[in-house]
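Listed below, chain by chain, are the residues.
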Amino acid sequence: MELHQIIRKALITEKSTVARDAANQYHFEVRTGANKIEVGRAVEKLFKVKVLSVRVMNVRGKKKRTGKTVGERRSWKKAVVTLAPGNRIEAME
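Structure report, in brief.

## Here we look at the sheet that holds strand β3 (residues 51-59)
An order of β1-β2-β6-β3 is seen for the four strands of this open sheet, with the pairing classed as antiparallel. One side of each edge strand has no neighbouring strand; the edge strands of this open sheet are β1 (7-10) and β3. Direction aside, neighbouring strands of the sheet carry axes that sit 30 degrees apart on average. Where β3 meets strand β6 (residues 76-83), eight bridges bridge the pair, whose relative direction is antiparallel. If you follow M57 over to β6, its bridge partner there is K78.

In structure tokens form, the structure reads like this:
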């Protein structure tokens, strides 16, 4: 599987920015079938950094209402990647 298919996009929020500055952690939206090992290898190869740990979580889609109809946003998977000290991803700075 290609690396760009595993990592869909970087998540840049206030919470992820604080985690990046404090603990050298980066947040990504990943493919729903990806596991920790695949995510870690993809980050190491794409950004040429050393990964210490990977945490993944499934995020359920929220229910949204427009008038009488109730819909649901899509569910997705989030990964929190901790890098070794001294490593940074320059594209996300």
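## Digging into the pattern of salt bridges
Per the counting criterion, the structure on display carries five salt bridges. A salt bridge links E29 to K9; the nearest nitrogen and oxygen atoms lie 3.8 Å apart. Of the two residues, E29 sits in strand β2 (residues 25-30) while K9 sits in strand β1, which places them 20 residues apart along the sequence. Relative accessible area serves as the criterion here: at 45%, K9 is assigned to the partly exposed category. Put simply, E72 and K63 hold a salt bridge, and the shortest N to O gap is 3.1 Å. Judged by relative accessible area, E72 falls into the partly exposed class, the value being 47%. Relative accessible area serves as the criterion here: at 59%, K63 is assigned to the exposed category. Salt bridges sharing common partners tie together K9, E29 and R74.

Procedures and definitions
Residues numbered from 1 in each chain as written. Predicted model: local features only at pLDDT ≥ 70, side-chain atom pairs only at ≥ 80, totals over all residues. Heavy atoms only, no water. Pairing = 2+ DSSP bridges. Helix = DSSP H or I, 4+ residues; strand = E, 2+ residues; numbered from the N terminus. Axes fitted to C-alpha atoms, helices over the stretch in contact; angles between N-to-C directions. Salt bridge = Lys/Arg side-chain N within 4 Å of Asp/Glu carboxyl O. Buried < 20%, exposed > 50% of the residue type's maximum accessible area, 1.4 Å probe, protein only.

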